[in-house]
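# Descriptive analysis of the structure
Read off the chains here:
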Amino acid sequence: MTEAAQTGPPTEPAPGTPAGDAARHEIDREIQAVIVELARTGSGRPVGDLVPQLEATLAQRGITDQPRSWLDVVAREASAGRIYVQTNEALSEVTDLPVRGGDPERAAEVVKAVTGDTAQGQGVER
């Protein structure tokens, strides 16, 4: 092994391995937490204002280079008062929202607590 290989930056765990899956899950959790906060504070605000805020908040957490189309969708959802779901598991951990098939009344209670308003049906729209 060369000296450069020994002292270079650590490599990320390979996807599909337990370490890689755990790392991806932590990233999804971080992303979902940012999305929930954006939905809480961004309802009714212009999408054009939310995209840079989303990028900056993700960058502060070390998450960069998200596709523009994804940023636009997340910002549009937040502007409309909805929470974009990165993964059901991450959403459930970050907000205590039940995943699919959960209790709609409990989901409405949690969404009200997260966004300050009531949920429509079983979704997370407020």
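Data block above holds the structure.
What comes next is a walk through the structure. (Residues numbered from 1 in each chain as written. Predicted model: local features only at pLDDT ≥ 70, side-chain atom pairs only at ≥ 80, totals over all residues. Heavy atoms only, no water.)

## Regarding the environment of Gly 81
Mapped onto the secondary structure, Gly 81 falls in the loop between α4 (68–79) and α5 (88–95). Gly 81 sits 36 residues away from Arg 45 along the chain, and the two C-alpha atoms are 9.4 Å apart. (Helix = DSSP H or I, 4+ residues; strand = E, 2+ residues; numbered from the N terminus.)

## Some remarks on the pattern of salt bridges
In the structure shown here, the tally under the stated rule is 6 salt bridges. Residue Arg 61 is joined to Glu 30 by a salt bridge in which the shortest nitrogen-to-oxygen separation is 2.9 Å. Of the two residues, Arg 61 sits in the loop between α3 (47–60) and α4 while Glu 30 sits in helix α2 (residues 18–42), which places them 31 residues apart along the sequence. Note on Arg 61: relative accessible area 41%, which makes it partly exposed. A relative accessible area of 32% places Glu 30 in the partly exposed class. Close ionic contact of Asp 72 with Arg 68 constitutes a salt bridge, the shortest N to O distance being 3.0 Å. Of this pair, Asp 72 and Arg 68 both sit in helix α4, 4 residues apart, roughly one helical turn. Judged by its relative accessible area of 52%, Arg 68 is exposed. (Salt bridge = Lys/Arg side-chain N within 4 Å of Asp/Glu carboxyl O. Buried < 20%, exposed > 50% of the residue type's maximum accessible area, 1.4 Å probe, protein only.)

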